[in-house]
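For reference, the chains in residue letters:
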Amino acid sequence: MKKKIQNETRLHRLKSRLIPEEESSRRLRLILLFTLLSVLISLALFYQENTYPVDDVALREVVKEDIPARIDFQWVDHDQMQAKIRERLDNAPKVYLLDDNIGDSEKKRLIADIAKVKKVLTSGAGAEEKEQAVKEIWGKESPDLLSRMTADQLNTLSLIFLNVLDAIYQKGIINDRFFLESPTIPVEIRRKNDNLLVEKDSLIFRNQAEEYLHSVIRRYLEGERMYADFTFYVLKNYLRENVYFSEELTVRRAESIRLDYVPETVTIRKGEIIAQKGEIVDETIAGKIEKMKEKLNNVLSLRLTGFLMTLLFLMGAVFLLLRQEGYWVNIQKVFFWSVIHFFFIAAFTGFYLFSGLSLYAFPFLAFIIMAYFLIDLKAALLSLAFWTLLLSAFVPDFRFGALWFLSSLIFLAEPGRFRLRIPTLSTLLKYLVVIMTSLFFIELSTAHSGREALAGLIWVPVYVLLSFAGGYLFVYLFERAHNITTEVSLNSLQDWENPLLRQLMSVAPGTYRHSLIVSELAGEAAKAIGGDVLLAQVGGLYHDIGKVKRPDYFIENQMYGPNRHDSLLPLMSVRILKNHVDEGALMARKHGLGRRLMAIIREHHGTSLIKYFYLKNLKDDKHKNIEEKYFRYDGPKPSTRESAIIFLADKVEAVTRLLFNSPFHHVQERISRIFEDALFDKQLEDCDLTLRDVNTVKEAFVEYFRGSRHKRIEYPKETGGKE
Ligand SMILES: [Fe+2]
Ligand SMILES: [Fe+2]
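Note that the coordinates shown come from a computational prediction; the quantities given were computed from them, not determined experimentally. (Residues numbered from 1 in each chain as written. Chains lettered and ligands numbered in written order. Predicted model: local features only at pLDDT ≥ 70, side-chain atom pairs only at ≥ 80, totals over all residues.)

Engineer: So what's going on with the overall build of the protein chain? Residues and values would help.
Structural biologist: Looking only at helices and strands, the protein chain features 28 helices and nine strands. When burial is assessed residue by residue, the protein chain has 29% of its 723 residues classed as buried. A separation of at least 24 residues holds for 80% of the contacts in the protein chain among residues at least 6 apart in sequence. (Helix = DSSP H or I, 4+ residues; strand = E, 2+ residues; numbered from the N terminus. Buried ≥ 20, exposed ≤ 12 C-beta atoms within 10 Å, placed from the backbone. Contact = placed C-beta atoms within 7 Å.)

Structural data, given as structure tokens:
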């Protein structure tokens, strides 16, 4: 019993070494760290990509390189705009007002004076006295008519007076200085009452007003010399300027010009050269660059937000997908994905910012190779989608993305050829030819000539070589560091030259032959249910590797001599048998077989009962009360489909080996019973094999034996012990 307890402690230690609990939370923290770091790097890269080194342009300096517009932007030349406004203001008219009130008040004065004169004329005063009174009102240089003028005549004339004055004031009288001051400056004359424009040419200058008065009177009083003279004599007293400069309106007019000016905005398109190499930076260039920077800054925050959100959504989708299969089982996958993703971001950043090489040389495929070998096909496809989406934010040229996408997809579509640690030269060459051809067509779709398209292909061999070398090197280093089994290492494990296999072959040849058949059976079954064929095959080969420690205790190796178990208590025998599982797991760890193989080794018997010794023990009266559970393997039960297949194949091989000469239907019946027992004993409840899968596996086994009955290997007669 003591030994049993020791055994259990040892197993517990082993288990905790295989899946240490704190390791999971450590992984989780690392995942978060990698995620955070890669988000930060992506953001920094995005920021770098969306800011431009155009700050160093100084006025009056020579432009060193052509400066293209990095973005569409609107631009207003403010200096030019100011000049245009100034020019318009210089040409702004002086506004003059024609005030009708002035004419009206002069007319009123005239009417009042006429009334006064009439009073004088109708008074009883003498002629001389009358003349004197009129001269006081209308001036001394009186015409002859004045002495004979009667009130009636004056009445008749007064109508003409008013008409003439009206005609003159309608035209407008302006100060002579107007002509001197503004011969070229544009003017605008408006009637104060109705704001209508007045013709500049029709204005009468003040010093020409009397002359004009003459001509108007002549028109009214043609041939009436005396009356005309008299009219002139009267009316020259009522000529006043009625057009004057309005400062207020002129200022208002200028203001409206300033306000009405619509600045001309020019749209500068992305890629348009703002400043040419060799040009001197003037205000216009500096202004444009300033404006462009302003626009870029505005756009940057918008883009950063968009980019960050895209990143979050992408990450969220990836993590959801990775979590789907079960959190703890796949925390390793998630962890590896995080690490590879981080490497990818870091490598791309370094390459993009510092290498100065064409993006064609960036070994994108290396990371897909890593994701495929270190995780699985799903992860590789996910990475491919994730990264090409992510990079499309930095690399607008679709040719790079196309190369990355195609090379990865072709690699993943035919991974069979690339499963060996070092792919053969012909595989590489064929791959190269396919990639080059596809890239040639991609180049052709953007090139200006066939020669240009060919020039792009120079990089392809560099890309392929860098990718393969980098990818495979990293896969190798990861395997060493993390004790995981990848497709690549599974292949090398299948090699007959592998020292572990050679040891099994020489120390336990029976077990070796058993393992070969289990391997074939498992491979067939995995193929039938779409499982991992390679893993099942290699798992079959190595599942009993722990038997090299004490090979003689296992029936398949007992060619000669007595049965070792004859002298042992059944419980002791069981302990030795069970021990090959733990030994196998330890060896797997020591030789770096990886977790998937280790799981298969640990689970290949599940918690099944070692019936032979259990029944033998029941016959022993002294010990027959020992509970059944001590005759069971320690488990765990198969947790994957491949483990379950090997669990079944192992039992099937052990039983059918004894039925070599029996009719085939006996073999079929035994196989069916093994499956029924396994299901009844609930050994398959921890793996995700469906009942349909279980049936398919059974069919595959039956077919295997039907086909290979004639080449079966002969075993010695069973004398005790299982397998
Ligand atoms: Fe075994
Ligand atoms: Fe076995």
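There's more to say after this.
Engineer: Describe unusual backbone geometry, naming the residues involved and giving the relevant values.
Structural biologist: With the exception of glycine, most residues fall at negative phi, and the peptide bonds are largely trans. Following G635, the chain continues to P636 via a peptide bond in cis, the omega torsion being 5°. With respect to the helices, strands and loops of the structure, P636 is situated in the loop between α25 (611–618) and α26 (641–656). Non-glycine residue N195 carries a positive phi angle of around 65°. By secondary structure assignment, the location of N195 is in the loop between β5 (187–191) and β6 (204–205). A count of 8 C-beta atoms within 10 Å places N195 in the exposed class. One non-glycine residue, K682, adopts positive backbone phi at about 60°. On the secondary structure map, K682 appears in the loop between α27 (664–680) and α28 (691–708). Given 11 C-beta atoms within 10 Å, K682 falls into the exposed group.

Engineer: Give me the lowdown on the packing of helix α21 (residues 509–529) against α28, citing residues and values where you can.
Structural biologist: It is at 9 Å that the axes of α21 and α28 come closest, and there the two elements cross at 135°. When the axis of α21 is compared with that of α28, the two are oblique. Crossing of α21 against α28: the hand is right-handed. Contacts from E520, L521, E524, A525, A528 and I529 of α21 reach α28 at D693, T696, V697, A700, F701 and Y704. Of the residues contributing to the contact of α21 with α28, the split by class is eight nonpolar, one polar and three charged. (Axes fitted to C-alpha atoms, helices over the stretch in contact; angles between N-to-C directions. Parallel < 35°, antiparallel > 145°, perpendicular 65-115°, else oblique. Left-handed = near helix turned anticlockwise from the far one by under 90°. Nonpolar A, V, L, I, M, F, W, Y, C, P; charged D, E, K, R; others polar.)

Engineer: Let's hear about helix α13 (residues 364–374): which residues, and what values?
Structural biologist: The α-helix winds at 3.6 residues per turn, so residues separated by three or four positions along the chain end up facing the same way. With 11 of 11 residues buried, α13 is to be regarded as a mostly interior element. Those residues of α13 lying buried are F364, L365, A366, F367, I368, I369, M370, A371, Y372, F373 and L374.

Engineer: Explain the nonpolar core to me, using residue names and the numbers behind them.
Structural biologist: Nonpolar side chains in soluble globular proteins tend to end up buried together. Counting residues in hydrophobic clusters, the biggest one holds 49 residues, and the most contacted among them are A525, I645 and A649. The set of elements that each furnish at least two residues to this core consists of α19 (487–494), α21, α22 (533–542), α23 (570–590), α24 (595–603), α26, α27 and α28. For this core, the element with the highest residue contribution is α21, accounting for nine residues. Setting aside residues up to four positions removed in sequence, I645 forms contacts with A522, A525, A526, G531, A536 and V697. Ranked by size, the runner-up nonpolar core spans 44 residues in total, among them F34, F336, L365 and L403. (Core = buried A, V, L, I, M, F, W, Y, C linked by C-beta atoms within 7 Å.)

Engineer: Residues and numbers for the pairing of strand β3 (residues 94–98), please.
Structural biologist: Strand direction decides the pairing type here: β3 and β5, joined by five bridges, are parallel. What sits directly across from V95, in β5, is E188. Relative to strand β7 (residues 243–245), β3 runs antiparallel, the two being bridged by three bridges. Its bridge partner lying in β7, L97 is registered against Y244. (Pairing = 2+ DSSP bridges.)

Engineer: Account for the environment of G350, with residues named and values stated.
Structural biologist: With respect to the helices and strands, the residue G350 is situated in helix α12 (residues 331–355). Given 12 C-beta atoms within a 10 Å radius, G350 is considered exposed. Taking the C-alpha atoms as reference points, G350 and L45, separated by 305 residues in sequence, lie 9.7 Å from one another.

Engineer: Break down α26 for me, citing the residues and quoting the values.
Structural biologist: With 16 residues, α26 extends 22 Å between its outermost C-alpha atoms, agreeing within 8% with the 22 Å of an ideal straight helix rising 1.5 Å per residue. Within α26, 14 of the 16 residues are buried, which leaves it mostly tucked inside the rest of the structure. (Expected span 1.5 Å × (residues − 1).)

Engineer: Before we move on, could you go through the confidence of the model for the protein chain and cite the residues and values that matter?
Structural biologist: Put simply, the protein chain has an average pLDDT of 81, and 89% of its residues get 70 or more. Across the protein chain, α21 holds the top mean pLDDT of 93, while helix α1 (residues 2–18) sits lowest at 49. Considering only residues more than four positions removed or in separate chains, one finds that residues 13–20, a stretch of pLDDT under 50, has four contacts. (pLDDT = per-residue confidence, 0-100.)

Engineer: Any details on the environment of K84? Residues and values, ideally.
Structural biologist: As for its placement among the helices and strands, K84 is situated in helix α3 (residues 78–90). Along the primary structure K84 and Y261 are separated by 177 residues, whereas in three dimensions their C-alpha atoms are 9.0 Å apart.

Engineer: So what's going on with the packing of α23 against α25? Which residues, and what values?
Structural biologist: For the pair α23 and α25, interaxial distance at closest approach is 9 Å and the crossing angle is 165°. On the basis of their axis angle, the class for α23 and α25 is roughly antiparallel. With respect to the hand of their crossing, α23 and α25 are arranged in left-handed fashion. Side by side, α23 and α25 meet where P570, L571, S573 and V574 of the first sit next to F613, K616 and N617 of the second. Taken together, the residues of the contact of α23 with α25 break down into four nonpolar, two polar and one charged.

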